[in-house]
Amino acid sequence: MDKDVVVGLDSSTTATKAIAWNRQGVAIAEGRSSIPLASPHADWYEQNPDDWWTSACAALGNLQKVVSPARIAAIGISNQRETFVPLAADGSAVRPAIIWMDRRCRAEVDWLSAQVGRKRIHEISGKPADMAPVAYRMAWMLRNEPEAYRRTAMFADVHGYLTWRLTGQFRTSWASADPLGLFDMRHKRWSAEILEPLGVDPSRLPVAVAPGTVAGYVNEYAASLTSVPAGTPVVAGGGDGQAAGLGVNALAPGRAYLNLGTAIVAGIHSTEYRIGDAWRTMGSCSAEGYYLETSLRSGTFLIDWFLDNCGGQTDKGSARARLEAEAANLPVGSGGVLAVPYWGAVMTPYWDPDARGCLVGLTGAHGAVHIYRALLEGIALEQALVTKMIEQAAGIPVEEFVAIGGGAASDFWCQIIADACGKPLKRSQTVEASSLGAAMCAAAGSGWFDGVRAAGAAMCGGTTRVTEPSPDRAARYAELLDIYREIYPQLRQSYRKLARFVARC
């Protein structure tokens, strides 16, 4: 039987999706399985790595109820980023995995930065000091769980862990290693300078290989659990953000991917390695170039928060539809209400863990619909702000966004973003861009195409709808952006004082 499909195995925060794709980038079939998430303390988020593997086995098994295993040419992996698990010498977890949402390491950001230097960490890793990279949560474990840290033989990211379970080899992609904040982006290797104060030798981390490289082959034991034939190549893919960028073929500077998910993540491709406060630098799944990536923790999470708390007694879907219909009748600016959407602190461009969300301009004339629209506009204005900062600092113009993620289903929100940013917003034909990006890597690794870039061009399915900005509304949002960009700098000191106050409670 012809091996006519590749599988994009996408292990996200909440589920594993195993999707079979053909040479044209058309999804043939899908298997899916959920992953439990635990929060044992406030701001702590953990998972059992066995659940990553169990979910992957289930997703692959469900897929092969529709697609014959004999058709699979290769598997590519995309994964939730900035997540790690410490493993003992026998491969068992020393403690639960600490995932990207976790915020326990605030003190360790300052500690590790003092050891290496904030500027130096940024230069090496491409990431400003922040709670997101794994480096700081490893520092937390070193300082708070020293015995468990000592027993750790391997600090594995999700990609490295799944590759090990499938092949017996601890290998990960450059584009999965770099979000950990331990990777030397220029030289494509683990940074001894950052690892030294953590007391970690590179041998305690997976071997990092280029995306599109065969990282190993499915072994007999994994074959017995997944039904994937032994000997099937497992190809290095990348972090889900970069994989999504590849999945929509955002490999030219003019096109940026925009993931309207739980967080809002956008990436602009750069052929050169650049660092700046307005972005974090990530490796491209093409193995060539980089993404200048912006990240706002409050995306659809913020909308769900509002609907849960202020949407009334109806179900979320009905409440959202009602509010969108009413909000569409309001003018730009929501009747004078501005939202700063830092409900989960702020990463790009200010990197302030003390920042919080706020609403400015409320009067007795305003109601829930004004706040709802202001939240959508606040997220759009934030994206406009950071995009302009990147364009100016890096000299890379953004001509269009390609939107993916659950939020892209909202015509209303897409129009607001297009108007606020003053750029066309296209929507990808697939909502599973991360899986498709991983599949493109698998297609390159299996020899279907001459490299990942060629696979991206051949398998990208294009876009469905284009939302053009309205010149009149874009002009009004440009005025509003001038007001918006003044708010955070005026509140910075107040946020800091409020954080100290709360810490004493």
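Preceding this paragraph is the structure being described.
These numbers come from a predicted model, not from an experiment.

## Side note on the overall build of the chain
Here comes step 1: A tally of regular secondary structure across the chain gives 17 helices and 23 strands.
Here comes step 2: What you see for the chain is a C-alpha radius of gyration of 22 Å, in line with the 23 Å of a compact globule of 505 residues.
Here comes step 3: Along the three orthogonal principal directions, the C-alpha set of the chain runs to about 65 × 50 × 45 Å.
Here comes step 4: Put simply, 72% of the contacts in the chain that link residues at least 6 apart link residues at least 24 apart.
Here comes step 5: Approximately 18700 Å² of the chain is accessible, and the part contributed by carbon and sulfur atoms is 51%.
Here comes step 6: Taking the average place of the 48 positive charges on the side chains of the chain and the average place of its 50 negative ones, the gap between the two points comes to 2 Å.

## Comments concerning the packing of helix α2 (residues 106-116) against helix α4 (residues 134-144)
Each packed pair of helices is defined by two parameters, the angle between the axes and the distance between the axes.
Here comes step 1: α4 packs onto α2 with a crossing angle of 100° between their chain directions and a minimal axis gap of 8 Å. Judged on the interaxial angle alone, α4 and α2 are roughly perpendicular. Contacts between α2 and α4 involve Ala107, Glu108, Val109, Trp111, Leu112 and Ser113 from the former and Ala135, Tyr136, Ala139, Trp140, Leu142, Arg143 and Asn144 from the latter.
Here comes step 2: Of the residues contributing to the contact of α2 with α4, the split by class is nine nonpolar, two polar and two charged.

## Points about the sheet that holds strand β3 (residues 27-34)
Here comes step 1: The mixed open sheet is built from six strands, whose spatial order is β3-β2-β1-β5-β14-β13. In this open sheet, the two strands that pair with only one neighbour each are β3 and β13 (214-217). For this sheet the average axis-to-axis angle between neighbouring strands, irrespective of direction, equals 25°.
Here comes step 2: With six bridges connecting them, strand β1 (residues 5-11) and strand β2 (residues 15-21) associate as antiparallel partners. Among the inter-strand pairings, Asp10 is bridged to a residue of β2, identified as Lys17.

## Comments concerning the pattern of salt bridges
Here comes step 1: Tallied over the entire structure, the rule returns 36 salt bridges.
Here comes step 2: With a shortest N-O distance of 3.4 Å, Lys17 and Asp10 are connected by a salt bridge. Each member of the pair, Lys17 as well as Asp10, is classed as buried.
Here comes step 3: Of the charged contacts in the structure, one is a salt bridge between Arg320 and Asp304, with a shortest N-O distance of 3.2 Å. Here Arg320 is found in helix α12 (residues 316-327), whereas its partner Asp304 is found in helix α11 (residues 300-310), with 16 residues between them in sequence.

## Concerning the packing of helix α1 (residues 49-63) against helix α6 (residues 158-167)
Here comes step 1: The geometry of α1 relative to α6 is characterised by a closest axis approach of 10 Å and an angle of 60° between their N-to-C directions. Overall, the two elements α1 and α6 adopt an arrangement that is oblique. Helix-helix and strand crossings are classified by hand; for α1 and α6 the assignment is right-handed. Residues Pro49, Asp50, Trp52, Trp53 and Ala56 of α1 form the contact with α6, whose own contacting residues are Val158, Tyr161, Leu162, Arg165 and Leu166.
Here comes step 2: Residues of the contact of α1 with α6, tallied by class, amount to eight nonpolar, no polar and two charged.

## Things to note about the nonpolar core
Here comes step 1: One finds Leu258, Leu260, Tyr342, Tyr372, Ile417, Leu425 and Tyr484 to be the most contacted residues of the largest nonpolar core, which totals 61 residues.
Here comes step 2: Per-element accounting of this core gives the leading share, 13 residues, to helix α13 (residues 368-394).
Here comes step 3: With sequence-adjacent residues up to four places away left out, Tyr372 is seen in contact with Ile303, Phe306, Leu307, Arg320, Leu323, Glu324 and Ala327.
Here comes step 4: Ala88, Leu195, Leu198 and Tyr290 belong to the second-largest nonpolar core, a separate cluster that totals 36 residues.

## Considering the environment of Trp111
Here comes step 1: For Trp111, the location among the structural elements is in helix α2.
Here comes step 2: Put simply, Trp111 and Pro197 are 86 residues apart on the chain and 9.9 Å apart in space, counted from C-alpha to C-alpha.
Here comes step 3: Apart from residues no more than four positions distant in its own chain, Trp111 is found in contact with Ala139, Leu142, Arg143, Pro197 and Leu198.

## What to know about the pairing of β2
Here comes step 1: For β2, a buried count of seven out of seven residues is recorded, marking the element as mostly surrounded by other parts of the structure.
Here comes step 2: Residues of β2 alternate between two faces, with Ala15, Lys17, Ile19 and Trp21 on one and Thr16, Ala18 and Ala20 on the opposite face, all of them buried.
Here comes step 3: In sequence, β1 turns back onto β2 through a hairpin of three residues.
Here comes step 4: Pairing geometry for β2 and β3, over seven bridges, is antiparallel. In the sheet register, Ala20 faces β3, and the bridge partner there is Ala29.
Here comes step 5: Once β2 ends, the chain turns through five residues before running back antiparallel as β3, passing Gly25 with a positive phi of about 80°.

## Quick word on the packing of aromatic side chains
Here comes step 1: All told, the structure shown has 14 aromatic pairs when counted by the stated rule.
Here comes step 2: Every member of this aromatic cluster is reached through a ring pair, and the members are Trp52, Tyr161, Trp164 and Phe170.
Here comes step 3: Over the ring of Trp44 we find Arg104; its NZ or CZ atom is 3.7 Å from the centre of that ring.

## Details of the side chain of Gln47
Here comes step 1: Along the chain, the position of Gln47 falls in strand β4 (residues 46-47).
Here comes step 2: For Gln47, a relative accessible area of 3% corresponds to the buried category.
Here comes step 3: Within the local environment of Gln47, its side chain forms a polar contact with the side chain of Trp52, the two groups lying 2.9 Å apart.
Here comes step 4: At 2.9 Å, the side chain of Gln47 and the side chain of Gln80 are in polar contact.

## What about α1?
Here comes step 1: Spanning 15 residues, α1 covers 21 Å between terminal C-alpha atoms, matching the ideal 21 Å at 1.5 Å per step.
Here comes step 2: Among the residues of α1, Pro49, Trp52, Trp53, Ser55, Ala56, Cys57, Ala59, Leu60 and Leu63 are the ones counted as buried.
Here comes step 3: The N-cap of α1, judged by a side-chain oxygen 2.9 Å from the amide nitrogen of Asp50 a few residues on, is Asn48.

Parameters and conventions
- Residues numbered from 1 in each chain as written.
- Predicted model: local features only at pLDDT ≥ 70, side-chain atom pairs only at ≥ 80, totals over all residues.
- Heavy atoms only, no water.
- Helix = DSSP H or I, 4+ residues; strand = E, 2+ residues; numbered from the N terminus.
- Rg over C-alpha atoms; globule rule 2.2 N^0.38 Å.
- Contact = heavy atoms within 4.5 Å.
- Areas by Shrake-Rupley, 256 points an atom, 1.4 Å probe, with all protein chains shown as cover.
- Lys, Arg positive; Asp, Glu negative; His and termini not counted.
- Charge placed at Lys NZ, Arg CZ, Asp CG, Glu CD.
- Axes fitted to C-alpha atoms, helices over the stretch in contact; angles between N-to-C directions.
- Parallel < 35°, antiparallel > 145°, perpendicular 65-115°, else oblique.
- Nonpolar A, V, L, I, M, F, W, Y, C, P; charged D, E, K, R; others polar.
- Pairing = 2+ DSSP bridges.
- Salt bridge = Lys/Arg side-chain N within 4 Å of Asp/Glu carboxyl O.
- Buried < 20%, exposed > 50% of the residue type's maximum accessible area, 1.4 Å probe, protein only.
- Left-handed = near helix turned anticlockwise from the far one by under 90°.
- Core = buried A, V, L, I, M, F, W, Y, C linked by side-chain atoms within 4.5 Å.
- Phe/Tyr/Trp six-rings, centres within 6.5 Å; stacked < 30°, edge-to-face > 60°.
- Lys NZ or Arg CZ within 6 Å of the ring centre and 35° of its normal.
- Polar contact = N/O pair within 3.5 Å; in protein donor to acceptor, adjacent residues only side chain to side chain.
- Expected span 1.5 Å × (residues − 1).

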